[in-house]
Amino acid sequence: MIKIGIIGAGRIAQVHARSVSAHPDATLVVISDPIEQAAASLAARYGARFTVSADDVLSDPEVDAVIICSPTPFHPEQILAAVKAGKPVLCEKPVAMDIETVDQLEKDLEGLNPVVMIGFNRRFDPSFQKIHELAANGTVGKVEQVTIISRDPAAPPVEYIASSGGIFKDMTIHDFDTARYFLGDVVSVVAIGQNLDPALKDSGDFDGAIVTLANAEGATATITNSRHCASGYDQRLEVFGDRATVNADNVRPTTVRVSTSDLTDAQDPYLDFFLARYEQAYTNELSEFLSAIAEGREPSPTIEDGRKALIIAEAAEKSARTGTIITL
Ligand SMILES: NC(=O)c1ccc[n+]([C@@H]2O[C@H](COP(=O)([O-])OP(=O)(O)OC[C@H]3O[C@@H](n4cnc5c(N)ncnc54)[C@H](O)[C@@H]3O)[C@@H](O)[C@H]2O)c1
């Protein structure tokens, strides 16, 4: 049984607290958040202790490993502090706000035998994993084009966007990692940003984007993002190869279809946002983290995966702002 401390008690912490509590190999011990009420109410839900200090979690002798769910700017210092305290870390994406900080973190971690996993949960989605298996076992043939559609049901608060690093580092970063999962390293990036949502007009950020990436062999990934979507959380993936095309469609709570005189083939709405849609993926991600700890090996995705996704995010931002193709 691995005893877990969670740092941060916001939206994603609620997902991890639930996964840890339900996992047969983990126990939730303590949760920290500078907002005491946030830490206290999440801890109470799962019978854990709470504190306002992340340092309390890191120095807690009962804690075997930590999950970092704080806002992105705190990730690097908390990863380093956890590693120095001898605790394996699962840290939410992105690793940091910029590449220079990740480079410094990697230097600071040298020689400390870090056990650090980055929370690219979509690699653990059963449908995306099945497509990956079909690509790896030759069913798809040579992968030529990857198409990713990822639209959120509604934009987060403007205050969240202000400290998120922008759409490419905050949202598209998942899709950059998915693209790398299928294409490997990327050599060129071209992006168009959109600013169409009146609520985010003055945020200084894009609220939609189209990004195309290419690897050295010329295989491409095209990503379509929006911060809002009237039909709900829209998460689709297609991989096109010279032997097959494979798709993962949106997930609904049931497969029931209703046809009436007004409407045919009407179905339930898509599963609501990341907590529900990727519930199994978060559990599988946690299982990988716990197995790596138990087996004394490095978990995956790594900080290096986080760094490479962030490099693509910075290139996409530059491309969208300058109207140019960025070569990496
Ligand atoms: N993998 C995913 O699907 C996913 C989904 C959402 C968010 N995230 C990532 O998770 C992180 C948190 O996002 P969120 O949506 O939960 O944000 P949030 O704003 O809902 O929650 C963040 C919490 O951290 C607390 N906090 C602030 N400073 C802290 C500190 N120094 N130490 C500990 N806690 C601190 C805040 O009080 C807040 O309760 C971000 O890096 C985000 O990119 C990942």
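Residues numbered from 1 in each chain as written. Predicted model: local features only at pLDDT ≥ 70, side-chain atom pairs only at ≥ 80, totals over all residues. Heavy atoms only, no water.

With that settled, consider the overall build of the protein chain. Per the secondary structure count, the protein chain includes twelve helices and 15 strands. Over its C-alpha atoms the protein chain spans a radius of gyration of 20 Å, differing by no more than 12% from the 20 Å that the globule rule assigns to 328 residues. Seen through its C-alpha atoms, the protein chain measures out along the principal axes to roughly 55 × 50 × 45 Å. Counting over 328 residues, the protein chain shows a buried share of 51%. (Helix = DSSP H or I, 4+ residues; strand = E, 2+ residues; numbered from the N terminus. Rg over C-alpha atoms; globule rule 2.2 N^0.38 Å. Buried < 20%, exposed > 50% of the residue type's maximum accessible area, 1.4 Å probe, protein only.)

This next bit is on the UniProt feature "domain: Gfo/Idh/MocA-like oxidoreductase N-terminal" (unreviewed entry) in the protein chain. In the UniProt entry, the feature "domain: Gfo/Idh/MocA-like oxidoreductase N-terminal" (unreviewed entry) is given for residues 2-120. Segment residues 2-120 splits into 41% helix and 24% strand. End C-alpha atoms: 21 Å apart. (UniProt positions renumbered as here; feature names shortened; annotations may be inferred.)

Throughout the structure, instances matching the rule amount to six aromatic pairs. For the ring pair Tyr181 and Phe182, a centre distance of 5.2 Å and an interplane angle of 70° mean the geometry is edge-to-face. Of the two residues, Tyr181 and Phe182, neither departs from the other in class, the shared state being buried. Every member of this aromatic cluster is reached through a ring pair, and the members are Phe128, Tyr233, Phe273, Phe274 and Tyr278. (Phe/Tyr/Trp six-rings, centres within 6.5 Å; stacked < 30°, edge-to-face > 60°.)

All right, on to the pairing of strand β12 (residues 245-248) then. Side chains Val246 and Ala248 project from β12 onto a buried face, and the interleaved Thr245 and Asn247 project onto a face without burial. Bridge count between strand β11 (residues 234-241) and β12: four bridges; the pairing is antiparallel. Paired with Val239 across the bridge in β12 is Val246. Between the end of β11 and the start of β12, which pair antiparallel, lie three residues. (Pairing = 2+ DSSP bridges.)

Looking now at the environment of Asp108. With respect to the secondary-structure elements, Asp108 resides in helix α5 (residues 99-109). Taking the relative accessible area as the measure of exposure, Asp108 reaches 33% and is therefore partly exposed. Once the C-alpha coordinates of Asp108 and Leu80 are considered, the two residues, 28 residues apart in sequence, prove to be 7.4 Å apart.

Here we come to the nonpolar core. Residues Ile4, Ile79, Phe168, Phe176 and Val211 are the most contacted members of the largest nonpolar core, which totals 94 residues. Considering every element that reaches this core, the biggest residue donor is helix α12 (residues 303-322), with eight residues. With residues up to four places along the chain from it excluded, the contact list for Ile79 reads Ile68, Val89, Cys91, Val95, Leu105, Leu109, Val116 and Ile303. (Core = buried A, V, L, I, M, F, W, Y, C linked by side-chain atoms within 4.5 Å. Contact = heavy atoms within 4.5 Å.)

For the pair helix α1 (residues 11-22) and helix α11 (residues 279-295), interaxial distance at closest approach is 10 Å and the crossing angle is 65°. Looking at the two axes, α1 sits roughly perpendicular to α11. The two elements α1 and α11 meet at a crossing, and its hand is right-handed. Seen from α1, the contacting residues are Ile12, Val15, His16, Arg18, Ser19 and Val20; seen from α11, they are Glu279, Tyr282, Thr283, Glu285 and Leu286. The residue makeup of the contact of α1 with α11, split by class, is five nonpolar, three polar and three charged. (Axes fitted to C-alpha atoms, helices over the stretch in contact; angles between N-to-C directions. Parallel < 35°, antiparallel > 145°, perpendicular 65-115°, else oblique. Left-handed = near helix turned anticlockwise from the far one by under 90°. Nonpolar A, V, L, I, M, F, W, Y, C, P; charged D, E, K, R; others polar.)

According to the domain assignment, the protein chain consists of domain 1 (2-114) and domain 2 (123-280 + 309-327). Taking only C-alpha atoms into account, the centre of domain 1 sits 27 Å from that of domain 2. Facing twelve residues of domain 1, the contacting portion of domain 2 comprises 15 residues. Of the roughly 1200 Å² buried between domain 1 and domain 2 on both sides combined, carbon and sulfur atoms contribute 63%. (Domains from an automatic or database assignment. Buried area = accessible area lost by both parts, 1.4 Å probe.)

Residues in close proximity to the ligand total 26 residues, the closest being Arg11, Asp33, Thr72, Glu92 and Tyr282. The separation between an oxygen atom of the ligand and a polar side-chain atom of Tyr282 is 2.6 Å. Alone, the ligand offers 840 Å² of accessible surface; in the complex the protein occludes 85% of this. Secondary structure elements with two or more residues in the shell around the ligand: α1 and α4 (75-84). Per-class residue counts for the shell around the ligand are twelve nonpolar, nine polar and five charged. Composition of the shell around the ligand by domain shows at least three residues from each of domain 1 (2-114) and domain 2 (123-280 + 309-327). (Near = heavy atom within 4 Å. Polar contact = N/O pair within 3.5 Å; in protein donor to acceptor, adjacent residues only side chain to side chain. Areas by Shrake-Rupley, 256 points an atom, 1.4 Å probe, with all protein chains shown as cover.)

Attention shifts here to the sheet that holds strand β8 (residues 186-194). Judged by pairing direction, the sheet is mixed, and its seven strands sit side by side in the order β12-β11-β7-β10-β9-β8-β15 without closing on themselves. Unpaired on one side and paired on the other, β12 and β15 (326-327) mark the two borders of the sheet. Across eight bridges, β8 lies against strand β9 (residues 208-215) in antiparallel orientation. Looking across to β9, one finds that Val189 is bridged to Leu213. Relative to strand β10 (residues 220-226), helix α9 (residues 172-183) is tilted by about 160°, and along the sheet it contacts β7 (143-151), β9, β10 and β11. The strands touched by α12 are β8, β9 and β15; relative to β8, the strand with the most contacts, the crossing angle is about 50°.

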